[in-house]
Amino acid sequence: MASLNLGGLNVSARRKTVPSRNAAVERRNLITVCRFSVKTLIDRSCFETIDDSSPEFHNFAAILEQILTNRLKGQITWFGYESPRSFWDYIKVACRKVAYNCICSIENMENVGSSRAKGRAWIRVALMEKHLSEYISTALRDFKTTRRFYEDGAIVLGEEANMLAGMLLGLNAIDFSFCLKGEGLDGNYPAVIDYTPYLKFTQSSDSISSDEEELRTLGSSGSEGSTPEHIGPPIIMDENSWYNKCKRVEQKYRLTLEQKGYLEELVRLRENQLAESVSQNKLLLQRIEDMDLAHKMEKEQLEYIIVELQDQL
């Protein structure tokens, strides 16, 4: 009986751990593929403008949409039923505090009717404004609202949320150009992620060397006249691998230069804002001193008037 009880406990514990493991794997997969998608967008922007025709953008938008809908709570109707909800319902509440936000503009768009379509329009407008990372950071800081819209185990409630905000910061260096009347805003169909661009198998050096040994063994056993020195593909593979490495280093260098220019521009903007704040602070201090001096003079005049009235009395 004791062994049966232990077996039942193990089965129940296993049943509890399987959903949690699946949720953790789903979160990790979405964050990882989002990082790959951002890198692909940045690499593509070095050669062409990112617009509605770019498959890299469509994949990124689908990934971000699935991240923001991960374990999103449904909306309870009057009859007690739970209806599905779009991530736009969360964004328009949590991002109200963003300065000069586009929430009201998207709400008033005539050609965008459904909530899902408005969320997709918001992604495009935020990317064109270069404020997507700021929107996401502001929404994640509003933990009370986030907790109200999402269930436990959601990406926006976990440690992955901070990675997401930092990941999206690199997109501010890209100039996007979108049309807000295209088919991409159709909210009738859910977003589907294309994983094939990120599923690239890279053969390790140990595997390549073992393949070479196998080819040499087969060649020597097949014919005595064939020698392993005539096998050429490994050299070509080495050249291709070095060429690919050089291309990757060049792309990283270009990306670093663009991010450096963006950060320098951001620093200059912050320095100008700081200088304006300092000058406004000085003006306010001067105004306070002037008002204090006027108050003192008015107080002295009132005291003099009181003394004169007392003398007259």
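In this report, the structure presented in the accompanying data block is examined. (Residues numbered from 1 in each chain as written. Predicted model: local features only at pLDDT ≥ 70, side-chain atom pairs only at ≥ 80, totals over all residues. Heavy atoms only, no water.)

For the protein chain, the count of helices and strands is 10 helices and two strands. The burial tally for the protein chain puts 29% of its 313 residues in the buried class. For the protein chain, long-range pairs separated by at least 24 residues make up 72% of all intrachain contacts whose partners lie at least 6 apart in sequence. (Helix = DSSP H or I, 4+ residues; strand = E, 2+ residues; numbered from the N terminus. Buried < 20%, exposed > 50% of the residue type's maximum accessible area, 1.4 Å probe, protein only. Contact = heavy atoms within 4.5 Å.)

The next point concerns the pattern of salt bridges. In the structure shown here, the tally under the stated rule is 14 salt bridges. Between R44 and E56 there is a salt bridge, and its shortest N-O distance comes to 3.3 Å. Within this pair, whereas R44 is found in helix α1 (residues 2-45), its partner E56 is found in helix α2 (residues 55-68), the two being separated by 12 residues in sequence. A relative accessible area of 15% places E56 in the buried class. One salt bridge in this structure joins R85 and D89, with 4.0 Å as the shortest N-O distance. Counted as one network, the salt bridges with shared partners bring together R85, D89, K92, E107 and K118. (Salt bridge = Lys/Arg side-chain N within 4 Å of Asp/Glu carboxyl O.)

It is at 8 Å that the axes of helix α3 (residues 87-94) and helix α5 (residues 115-129) come closest, and there the two elements cross at 55°. Compared by their axis directions, α3 and α5 come out oblique. As α3 packs across α5, the resulting crossing turns out to be left-handed. Judged by residue contacts, F87, W88, D89 and I91 of α3 engage S115, K118, G119, R120, W122 and I123 from α5. The residue inventory of the contact of α3 with α5, partitioned by class, reads five nonpolar, two polar and three charged. (Axes fitted to C-alpha atoms, helices over the stretch in contact; angles between N-to-C directions. Parallel < 35°, antiparallel > 145°, perpendicular 65-115°, else oblique. Left-handed = near helix turned anticlockwise from the far one by under 90°. Nonpolar A, V, L, I, M, F, W, Y, C, P; charged D, E, K, R; others polar.)

A cluster of basic side chains, namely K39, K245, R248 and K252, defines a positive patch on the protein surface. In terms of residues, the positive patch owes the most to one element, helix α10 (residues 233-312), which gives three residues. With a relative accessible area of 40%, K245 lands in the partly exposed category. (Patch = residues over 30% accessible without salt bridge, like charges linked within 9 Å, V, L, I, M, F, W, Y side chains within 5 Å. Areas by Shrake-Rupley, 256 points an atom, 1.4 Å probe, with all protein chains shown as cover. Lys, Arg positive; Asp, Glu negative; His and termini not counted. Charge placed at Lys NZ, Arg CZ, Asp CG, Glu CD.)

Another aspect to go through is α3. With respect to burial, α3 is a largely interior element, six of its eight residues being buried. Where α3 is concerned, the buried positions are F87, W88, D89, Y90, I91 and A94. The secondary structure elements touched by the buried residues of α3 are α2, α4 (103-107), α5, α6 (132-141) and α7 (143-149).

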